[in-house]
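Residue strings, one per chain:
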Amino acid sequence: MPEIPEQLDDLRLRRWPRRRDERLQAWDAADRYLLRTLQEQGAGPVTLVVNDQCGALWLTALRRGPACSQGDSWLAWRAAEANAADNDMALPKDGWCWPWQTPSVHPDQVLMRVPKESSLLEAQLDWLARFLPRGTPIWLAGMDKHLPPNLVPLMEAYLGNGQAGLGWKRARRFSALAPGKVLRPQPEEALVSVPGRDWRLHTGAGVFGRQHLDIGARFLLEHLPRQVEGEVADLGCGNGVLGLALAVDNPGARVTFCDESFLAVESARRNVMLHAPEPERCRFHLGNGLDGLEQRFDLIVLNPPFHRGHAVDDRVALTLFRHARRHLAETGALWVVANRHLPYRPPLRRAFAHVDVVAGNAKFILYRCGQIATS
């Protein structure tokens, strides 16, 4: 495979976590299209960047004037931070904000990558309409193959205007002006029913499994172990359904909900407060898998993703397997639900002394992995 270039103009950019054999670039033509827009505006305007991937937009904007970046991804934030250090740039204090938080700047313009999830797109357009002064220019861009067909109608619904620009290198730019007022009600909140439970789980915009309970999580729910005590991790927790079930069914368990999505962790936190009988037994970790946690876990449950953004990338799961191995207690176990077509058994066997199949059906396999054999 050809080496992925790391240079964007005079910026050196890499994804996070850093990998010697990285196959994915830290920017694309949609970033370049928005950077052309930034260049057209000249130096001086205060810029709000939304959904930056690795810092290409934010760091370039900072070289032209004050800029703030808002996003949901901890990995995107960490990539921008590391890339700033690589390029000898000092990031401004409070220069990053999470969704729906008030930015540290009063923007004169917005550069926004179109997010993968339509629910997040709608929520962000609604937020911009409520937050920005009337007439603030908003530019959006995305790769043609990933753009939702109803993007312009959504812009018109939430912003009152919007138009598509010309295509360039398989990317397309869109433009609008902030209305300075609310034009329609906020997008409806997603509530997900859980079979066998009287729960309606809140699932934030863009969080996986927003429309209905994921069938992999449903399969794992049917086979979760009971009489669990000690430290438990719901790794890649999403709305927290797996960790919540373990917390409710096992009074001796202390559950840590982990995700790299801010909105996912906040969804899990909200659901715990609503449905867990003892929410004080639950903790929440926003970050890269289990990095930054010191405790060893007696049980880790994982319904691993196999995408990184729009790109198929099985190394996300492989990384989480390694995290689980490092953070398992000596007699602890990792429970992984996997689609049958995904080749997870070999890497699991390389990481763990024992890999057993707990259950399976036509679509999924449930593995139990550990260093100590089960009786």
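Higher on the page you've got the structure.
Residues numbered from 1 in each chain as written. Predicted model: local features only at pLDDT ≥ 70, side-chain atom pairs only at ≥ 80, totals over all residues. Heavy atoms only, no water.

K.L.:
Explain the overall build of the protein chain to me, using residue names and the numbers behind them.
P.N.:
Summing up its helical and strand segments, the protein chain has 10 helices and 20 strands in all. For 375 residues, the compact-globule formula gives about 21 Å, and the C-alpha radius of gyration of the protein chain, at 22 Å, lands near that figure. With respect to the principal axes defined by its C-alpha atoms, the protein chain has extents near 70 × 45 × 40 Å. Carbon and sulfur atoms make up 49% of the accessible area of the protein chain, which amounts to about 17300 Å² in all. Taken as two groups, the 46 positive and 42 negative side-chain charges of the protein chain have centres that lie 4 Å from each other. (Helix = DSSP H or I, 4+ residues; strand = E, 2+ residues; numbered from the N terminus. Rg over C-alpha atoms; globule rule 2.2 N^0.38 Å. Areas by Shrake-Rupley, 256 points an atom, 1.4 Å probe, with all protein chains shown as cover. Lys, Arg positive; Asp, Glu negative; His and termini not counted. Charge placed at Lys NZ, Arg CZ, Asp CG, Glu CD.)

K.L.:
Let's hear about unusual backbone geometry: which residues, and what values?
P.N.:
Backbone torsion omega between Trp-16 and Pro-17 reads 0°, so that peptide bond is classified as cis. Inspection of the secondary structure puts Pro-17 in the loop between β2 (11-12) and α1 (29-41). Non-glycine residue Trp-100 carries a positive phi angle of around 75°. Its location among the elements puts Trp-100 in the loop between β5 (96-97) and β6 (109-113). Despite not being glycine, Lys-169 shows a phi value in the positive range, around 50°.

K.L.:
Could you give me a rundown of the sheet that holds strand β15 (residues 297-302), with the residues and numbers involved?
P.N.:
Taken in spatial order, the 7 strands of this open sheet run β14-β13-β12-β15-β18-β20-β19, and their pairing is mixed. If you trace the sheet from one side to the other, it starts and ends with β14 (282-286) and β19 (354-360), each paired once. Direction aside, the axes of adjacent strands within the sheet are offset by 20° on average. Inspection of the sheet shows strand β18 (residues 328-339) paired to strand β20 (residues 364-370) by 6 bridges, in the antiparallel sense. Paired with Val-337 across the strands is Leu-366, a residue of β20. (Pairing = 2+ DSSP bridges. Axes fitted to C-alpha atoms, helices over the stretch in contact; angles between N-to-C directions.)

K.L.:
How would you summarise the pattern of salt bridges if you had to cite specific residues and measurements?
P.N.:
On inspection of all chains with the given rule, the structure shows 17 salt bridges. Salt-bridge contacts for Arg-281 lead to Glu-278; the nearest nitrogen and oxygen are separated by 3.2 Å. Residue class for Glu-278 comes out partly exposed when judged on its relative accessible area of 32%. (Salt bridge = Lys/Arg side-chain N within 4 Å of Asp/Glu carboxyl O. Buried < 20%, exposed > 50% of the residue type's maximum accessible area, 1.4 Å probe, protein only.)

K.L.:
Now, about the sheet that holds strand β4 (residues 67-70): what can you tell me, with residues and values included?
P.N.:
With mixed pairing, 7 strands are arranged side by side in an open sheet as β5-β4-β3-β6-β7-β9-β8. In this open sheet, the two strands that pair with only one neighbour each are β5 and β8 (163-168). Examined bridge by bridge, β6 and strand β7 (residues 137-143) share 4 bridges and lie parallel to one another. Bridging from a neighbouring strand, Arg-113 pairs with Ala-141 of β7.

K.L.:
Residue-level account of the environment of Ala-176, with values.
P.N.:
Looking at the secondary structure, you find Ala-176 in strand β9 (residues 171-177). A relative accessible area of 5% places Ala-176 in the buried class. Considered as a pair, Ala-176 and Pro-137 are 39 residues apart in the sequence and their alpha carbons are 6.0 Å apart. In this structure Ala-176 touches Thr-136, Pro-137, Ile-138, Met-155, Leu-159, Asn-161 and Gly-162, once residues within four positions along its chain are discounted. (Contact = heavy atoms within 4.5 Å.)

K.L.:
Requested: an account of the environment of His-106, with residues and values cited.
P.N.:
With respect to the element layout, His-106 can be found in the loop between β5 and β6. For the pair formed by His-106 and Leu-132, sequence separation is 26 residues and the distance between their alpha carbons is 8.4 Å.

K.L.:
Mind laying out the pairing of β14, listing which residues take part and the relevant values?
P.N.:
Where strand β13 (residues 253-259) and β14 come together, 5 bridges link them in parallel fashion. Note on β14: the bridge partner recorded for Thr-256 is Arg-283. Considered for its hand, the β-α-β crossover made up of β13, helix α8 (residues 262-275) and β14 is right-handed. (Right-handed = clockwise from strand over helix to strand, strands pointing away.)

K.L.:
Let's hear about the nonpolar core: which residues, and what values?
P.N.:
One finds Leu-8, Leu-13, Trp-27, Leu-34, Leu-59 and Ala-171 to be the most contacted residues of the largest nonpolar core, which totals 40 residues. Contributing elements (two or more residues each) for this core: α1, α2 (56-62), α3 (74-86), α4 (118-131), β7 and α8. Those residues in contact with Leu-13 that sit more than four places away from it in its chain are Glu-6, Leu-8, Ala-26, Trp-27, Cys-54, Ala-56, Leu-59 and Asn-83. Residues Ala-217, Cys-237, Phe-257 and Cys-282 belong to the second largest nonpolar core, which totals 34 residues. (Core = buried A, V, L, I, M, F, W, Y, C linked by side-chain atoms within 4.5 Å.)

K.L.:
Give me helix α5 (residues 151-159): which residues, what numbers.
P.N.:
Considered for burial, the residues of α5 that qualify are Leu-151, Leu-154, Met-155, Tyr-158 and Leu-159. Taken down its axis, α5 places every buried residue within 100° of arc, on the same side. The inward-facing, buried residues of α5 contact α4, β7, β8 and β9. A positive backbone phi angle near 85° is found at Gly-160, which sits one or two residues after α5. (Arc of directions from axis to C-beta.)

K.L.:
Now, about the layout of surface pockets: what can you tell me, with residues and values included?
P.N.:
Approximately 440 Å³ is the volume found for the second largest pocket. Taken together, 20 residues line the second largest pocket, and the ones lying closest to its centre are Trp-100, Ala-123, Glu-189, Gly-204 and Ala-205. Counting residues per element, the ones that place at least two in the lining of the second largest pocket are α4, β11 (200-203) and α8. With 5 residues, the top contributor of residues to the lining of the second largest pocket is α4. (1 Å grid on protein atoms, 1.4 Å probe; cavity = no way out; pocket = protein on both sides within 12 Å on 5 of 7 lines; lining within 4 Å. Points joined across faces, edges and corners; volume = space filled by probe spheres on them.)

K.L.:
Lay out the environment of Ser-267 in plain terms, naming residues and giving numbers.
P.N.:
In this fold, Ser-267 is placed in helix α8. Note on Ser-267: relative accessible area 6%, which makes it buried. With 29 residues separating them along the chain, Ser-267 and Gly-238 place their C-alpha atoms 7.4 Å apart. In this structure Ser-267 touches His-202, Thr-203, Gly-204, Val-207 and Asn-239, once residues within four positions along its chain are discounted.

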